[in-house]
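Coordinate inspection notes
Here is what each chain is made of, one letter per residue.
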Amino acid sequence: VIAGVQGLSGELAEHLATVSDLTTALDAAIADLDRVAAEAGKLTGDGLKVREALAARRAIVPIVSRYADLKRERDAMDFADQMALAARLAEQFPVIGAIERSRFKAVLLDEFQDTSEAQLRLLARLFVAEGEPVPVTAVGDPHQSIYGWRGASATTLAQFRTVFHDDAPAAVLPLATSWRNDAAILAAANTISAPLRE
């Protein structure tokens, strides 16, 4: 239960969603599955598993809400809370972005596949603005996203093209050559990973 509450709390913060948003979404999904069950006579297999998982998640929502209250009361924040607060501040106070844009002529965002929705929105508010955008480049590999447990999603790398653009979506320049490893290391890695690809 503790891991579930902490995980759900982090996911809400990383997606800038509220407990109310979550409650509404879970209730709607459960109601849809119940409608399907009523029409079909019952849920079976994956449908039943999904319904049970959603119901279990819905059961801990009040604890997630109380956990959020306790963190506020105790002035406690975790990484997801910090990112959510920073994104909300940048959205509410455009001067924050103006200050950051005045500090940088160009921005390089490395390991962008490991950003969350909150980080994407924060960075967009900081560096994309009418009349005064800063050139931004993102570097990332969707196959190397390792911070999913923290709300990161390689989908933010795909969203970069439409969020950070002028008149047309940003260009994608694939880097197909690894400059870190010589051919022997890559050959060994490909040999070892071949069964995984099959």
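Everything here concerns the structure above.
Below you will find a few notes about this structure. Being a predicted model, the structure only gives us computed values, none of them experimental.

Focus on the packing of aromatic side chains
For the structure shown, the criterion picks out three aromatic pairs. When the ring of Phe 112 is compared with that of Phe 160, the centres are 5.5 Å apart and the planes differ by 75 degrees; the resulting orientation is edge-to-face. With Phe 112 in the loop between strand E1 (107-109) and helix H6 (117-127) and Phe 160 in helix H7 (residues 155-163), this residue pair connects regions lying 48 residues apart in the sequence. Taking 4.7 Å as the distance between ring centres and 20 degrees as the angle between the ring planes, the aromatic pair formed by Phe 160 and Phe 164 counts as stacked. The exposure class of Phe 160 is buried, given its relative accessible area of 8%. Look at Phe 164 and you get buried, because its relative accessible area is 5%.

With respect to the pattern of salt bridges
Summed over the entire model, instances satisfying the criterion amount to ten salt bridges. With a shortest N-O distance of 3.2 Å, Glu 73 and Arg 66 are connected by a salt bridge. What makes Glu 73 exposed here is its relative accessible area of 53%. Close ionic contact of Asp 78 with Lys 71 constitutes a salt bridge, the shortest N to O distance being 3.8 Å. By sharing partners, the salt bridges in this structure join Lys 71, Asp 78 and Asp 81 into a single network.

Looking at a nonpolar patch on the surface
Among the surface-exposed residues, Met 77, Leu 85, Leu 89, Phe 93, Val 95 and Ile 99 lie close enough to one another that they form a single nonpolar patch of about 530 Å² accessible area. Of all the secondary structure elements, the ones that give two or more residues to the nonpolar patch are helix H4 (79-92) and helix H5 (94-103). For Ile 99, the location among the structural elements is in helix H5.

Quick look at the environment of Val 64
Relative to the helices and strands, Val 64 is located in helix H3 (residues 45-73). Here Val 64 falls in the buried class, since its relative accessible area comes to 2%. C-alpha of Val 64 to C-alpha of Leu 12: the two residues are 52 residues apart in sequence and 9.7 Å apart in space. Val 64 has contacts with Val 5, Leu 8, Ser 9, Leu 12 and Val 19, leaving out every residue within four places of it along the chain.

What about the nonpolar core?
One recurring pattern in soluble globular proteins is that nonpolar side chains are buried together. The biggest cluster of nonpolar side chains holds 24 residues, and the ones touching the most others in it are Leu 109, Phe 112, Phe 127, Val 136, Phe 160 and Phe 164. Put simply, the parts of the chain that give this core at least two residues each are H4, E1, H6, strand E2 (136-138) and H7. Residues in contact with Phe 112, not counting those within four places in the same chain, are Leu 120, Leu 123, Ala 138, Val 139, Gly 140, Thr 156, Leu 157, Phe 160 and Phe 164. Counting 13 residues, the second-largest nonpolar core is a separate cluster that includes Leu 12, Leu 26, Leu 33 and Val 61.

Conventions we followed
Residues numbered from 1 in each chain as written. Predicted model: local features only at pLDDT ≥ 70, side-chain atom pairs only at ≥ 80, totals over all residues. Heavy atoms only, no water. Phe/Tyr/Trp six-rings, centres within 6.5 Å; stacked < 30°, edge-to-face > 60°. Helix = DSSP H or I, 4+ residues; strand = E, 2+ residues; numbered from the N terminus. Buried < 20%, exposed > 50% of the residue type's maximum accessible area, 1.4 Å probe, protein only. Salt bridge = Lys/Arg side-chain N within 4 Å of Asp/Glu carboxyl O. Patch = residues over 30% accessible without salt bridge, like charges linked within 9 Å, V, L, I, M, F, W, Y side chains within 5 Å. Areas by Shrake-Rupley, 256 points an atom, 1.4 Å probe, with all protein chains shown as cover. Contact = heavy atoms within 4.5 Å. Core = buried A, V, L, I, M, F, W, Y, C linked by side-chain atoms within 4.5 Å.

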